[in-house]
Each structure stands twice: as structure tokens, then as C-alpha cells.
Amino acid sequence: MQFAVVGNPINHSLSPLLHNYAFEVLGINAFYGRYCLDKEKDFRFLQTLGLKGANITIPFKEIAFSSCDETFGIAKKIQAVNTIVFCNNKIFGYNTDAMGFYECIASFKFKNTLILGAGGSAKALACILQEKNIDTTILNRSSERLTSFRGFETYTFDSFKPKKAYDLIINATPSGLENSFPIHKEQLIEILKQAQLAFDLVYGRETPFLQLAQSSKILIQDGKDMLVYQAILAFEIFMQSQGVVFDKNLLREAMKNFEL
Ligand code: NDP
């Protein structure tokens, strides 16, 4: 059995490490690779390469959604998929980013969340938070992408005047990769004052956003656990589609303890 993560760029993806490690621990004879796609395509071509399924990443999650014959769960609402499987010449699509994120914060009781950024991952997070009845506001530097957040309170930096306290602040921008703040530092200091948790989707580094949150004495979390949880859920979908039975607890334990 072969699977892959498909995107562009793709070299940085840690998904092959996680999935191949899980195959090894569970004794499943399978391989997970990476595929750099140069332009949009109907994702059916992956099946002709012998893949049983794939994870889809930047910038193809929305186009992959349109390639699917059927989509399940919250993927319909987000209109983006990060996991596809091929069954009887059909493509079935799922979104495990949303639930992967929610598993990271499920033990907290949040009332109001502020998401910084309005891209694909912000949309997935906003949809799952709304589904869990957590009031969610979106703040983005420009207005264009905010139009896809119907039913949410949305602001650009210029129009934003906080009217309430946010207990969860999520950085869903890649600003940490550029070592910069997602919004003006002074604005961020004010917002963080009342928060319980600052969550940055970027992983593997202490971003300026998380450093500032830590100095404001609030809890911080980076994107590593989200990456792991979305991979666990995707792995379960892959194996289920192939009728492979395995120990789910062992999978969770292996992926969670894997040193990324
Ligand atoms: P998108 O490209 O779809 O969206 C990026 C958003 O961030 C846009 O709203 C953009 O604003 C804003 N933005 C970009 N750069 C900056 C900046 N320097 N300062 C402020 N705002 C900025 O990206 P995704 O939503 O797919 O991903 C966002 C981040 O989350 C990435 O770093 C990605 O690697 C990470 N991620 C992590 C996951 C995990 O499992 N841990 C899963 C998915 C994503 P504008 O509209 O104005 O362009």
C-alpha cells in the first residue's frame, strides 16, 4: 500500500516521517511518500500512480475538494480537504485539520476565540469552533479572504476595536516563519492581557507571538500536536478504506511520542 502528501512546496513536510513510523510500529506493510505538484490537476492521477490515498496540503486543499466525488463531515462546510482516499474509482474527501486542532484544546472551556489570519487553516478552525458553540472572531490584515467567513464577526487590522475579552487567541498566519508578529505588537499585548491560551499553528520554533504570550504569563501551545492529531485521524481513514484492522491506542501512542 502506498500513500503520499501532495503540495507545493513539500520538502518541509513531516507527514512521511510520522506515517512511516506508524506503519513500522504497527507492522503494516505500507509506504508514505511526498509528491510536489507543479500545478492544479484532477487528483485522480494519483490513483494511476498506485496510491490508495493522500494528504493534501498548501495550496491544493480547495481544488482537491472540487476533485472529490463525495466529501464527509466538516469538509463540506470548510470546502477544503486534507485527506483523500480512492475507492472503486471514486475520490472520497475528508478534513482532519479541524478536528486535529480541536483535540488540542478540547480540555479547556473557552467562550470567545480570536483567530488571526483568514486562510485555509483559519477557515477549518473557525468551522470547528462554531460547531462546538465557541464564539469566534476573525482578524486579518486584508479584507478579501474575510468574505468567505459568513456568519462570523470579521475585521481587518484597520477596523478592529476589541469589544470583548478573548480567552483563546490563535495565530493562523505564517508570520512566525518570518520571525514577525501577526498583528501590531501593541495591539497584540492588549489582546493577550485577557487571554488564557495563545496557540500558534507554526511548529518547531518559538515564534514572536508565543514569546510575547509567554512574557504576558499566559499558556502557550505550538502547532506540533495539531500536526500529530490530524495525522492520526488521516491514518485511521487510510486504514479503514483498505479494511486494515490495527490497534488504535498503539497508533496514538506512537505518533504522539514521535520526536519531530
Ligand atoms: P494561507 O496561505 O491559506 O493563509 C495565510 C493567512 O495569513 C492569510 O490570511 C494571510 O493574510 C495571513 N498572513 C500571511 N502572512 C502574514 C504575515 N506576515 N502577517 C500577518 N498575516 C499574514 O495559509 P494556511 O491557513 O494554510 O496556513 C497558515 C499557517 O498555518 C502556515 O504557517 C501553515 O504552515 C500552518 N499550518 C499548520 C498546521 C498544523 O498542523 N500545525 C496545519 C495547517 C497549517 P492575507 O489574506 O492578507 O494574505
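Source: prediction; values computed, not measured.

Caption draft 1: Up close: the overall build of the protein chain. What the protein chain contains, in helices and strands, is ten helices and twelve strands. Referenced to the eigenvectors of the C-alpha coordinate spread, the extents of the protein chain come out at roughly 50 × 35 × 35 Å. Contacts in the protein chain between residues far apart in sequence, at least 24 positions, make up 61% of those at least 6 positions apart. Within the protein chain, the 26 negative side-chain charges are centred at a point lying 3 Å from the centre of the 27 positive side-chain charges.

Caption draft 2: Seen up close, the side chain of Ser67. In this structure, Ser67 sits in helix H3 (residues 61-67). Within the structure, Ser67 has its side chain in polar contact with the backbone nitrogen of Phe43 (distance 3.5 Å). In contact with Ser67, other than residues within four places in its own chain, are Lys41, Asp42, Phe43, Arg44 and Ile91.

Caption draft 3: Fine view of the packing of helix H9 (residues 224-241) against helix H10 (residues 248-257). Closest axis-to-axis distance for the H9/H10 pair is 10 Å, and the angle between their directions is 150 degrees. In terms of axis orientation, H9 runs roughly antiparallel to H10. Seen along the crossing, H9 lies across H10 with a hand that is right-handed. Contacts between H9 and H10 pair Lys224, Val228, Tyr229, Ala231, Ile232, Leu233, Phe235 and Glu236 from the former with Lys248, Leu251, Arg252, Met255 and Lys256 from the latter. Along the lines of polarity and charge, the residues of the contact of H9 with H10 split into eight nonpolar, no polar and five charged.

Caption draft 4: The pattern of salt bridges, seen in detail. With the rule as written, the count across this model stands at eight salt bridges. When the shortest N-O distance is used, the salt bridge between Arg252 and Glu103 registers 3.2 Å. Placement of Arg252 in helix H10 and of Glu103 in helix H5 (residues 97-105) is noted, with a sequence separation of 149 residues between them. Judged by relative accessible area, Arg252 falls into the partly exposed class, the value being 22%.

Caption draft 5: Spotlight on the nonpolar core. One finds Phe101, Ile105, Ile115, Ile170, Phe199, Phe235 and Met255 to be the most contacted residues of the largest nonpolar core, which totals 58 residues. Considering every element that reaches this core, the biggest residue donor is H9, with eleven residues. If we ignore the near neighbours within four places in the chain, the residues touching Phe235 are His19, Ala22, Phe23, Leu26, Ile28, Phe246, Leu251 and Met255. Core analysis: the next-biggest nonpolar cluster, separate from the first, contains 19 residues, Leu116, Tyr155, Phe209 and Leu212 among them.

Caption draft 6: Geometry of the layout of surface pockets. The volume enclosed by the second largest pocket comes to roughly 200 Å³. Phe72, Gly73, Ile74, Asn95 and Met99 are the residues nearest the centre of the second largest pocket, which is lined by 13 residues in total. Put simply, the parts of the chain that give the lining of the second largest pocket at least two residues each are helix H6 (120-131) and H9. In the lining of the second largest pocket, the residues fall into eight nonpolar, three polar and two charged.

Caption draft 7: Focus on the pairing of strand S1 (residues 2-7). Of all six residues in S1, five are buried; the element is thus mostly enclosed. Both S1 and strand S2 (residues 31-36) contribute to a ladder of six bridges, which runs parallel. Along S2, the bridge assignment pairs Val5 with Arg34. As a crossover connection, the stretch from S1 through helix H1 (residues 15-26) into S2 is right-handed. Here S1 runs beside strand S3 (residues 51-56); their pairing, made up of five bridges, is parallel. The residue bridging Gln2 from the neighbouring strand is Leu51, located in S3.

Caption draft 8: Expanded view of the site of the ligand. The full set close to the ligand counts 23 residues, and Ala118, Ser121, Arg141, Ser142 and Arg145 are the nearest of them. Here Leu227 contributes a backbone N or O atom positioned 3.4 Å from an oxygen atom of the ligand. Burial of the ligand by the protein amounts to 83% of the accessible area it has alone, namely 940 Å². Elements with a contribution of two residues or more to the shell around the ligand: H6 and H9.

What counts, and at which threshold
Residues numbered from 1 in each chain as written. Predicted model: local features only at pLDDT ≥ 70, side-chain atom pairs only at ≥ 80, totals over all residues. Heavy atoms only, no water. Helix = DSSP H or I, 4+ residues; strand = E, 2+ residues; numbered from the N terminus. Contact = heavy atoms within 4.5 Å. Lys, Arg positive; Asp, Glu negative; His and termini not counted. Charge placed at Lys NZ, Arg CZ, Asp CG, Glu CD. Polar contact = N/O pair within 3.5 Å; in protein donor to acceptor, adjacent residues only side chain to side chain. Axes fitted to C-alpha atoms, helices over the stretch in contact; angles between N-to-C directions. Parallel < 35°, antiparallel > 145°, perpendicular 65-115°, else oblique. Left-handed = near helix turned anticlockwise from the far one by under 90°. Nonpolar A, V, L, I, M, F, W, Y, C, P; charged D, E, K, R; others polar. Salt bridge = Lys/Arg side-chain N within 4 Å of Asp/Glu carboxyl O. Buried < 20%, exposed > 50% of the residue type's maximum accessible area, 1.4 Å probe, protein only. Core = buried A, V, L, I, M, F, W, Y, C linked by side-chain atoms within 4.5 Å. 1 Å grid on protein atoms, 1.4 Å probe; cavity = no way out; pocket = protein on both sides within 12 Å on 5 of 7 lines; lining within 4 Å. Points joined across faces, edges and corners; volume = space filled by probe spheres on them. Pairing = 2+ DSSP bridges. Right-handed = clockwise from strand over helix to strand, strands pointing away. Near = heavy atom within 4 Å. Areas by Shrake-Rupley, 256 points an atom, 1.4 Å probe, with all protein chains shown as cover.

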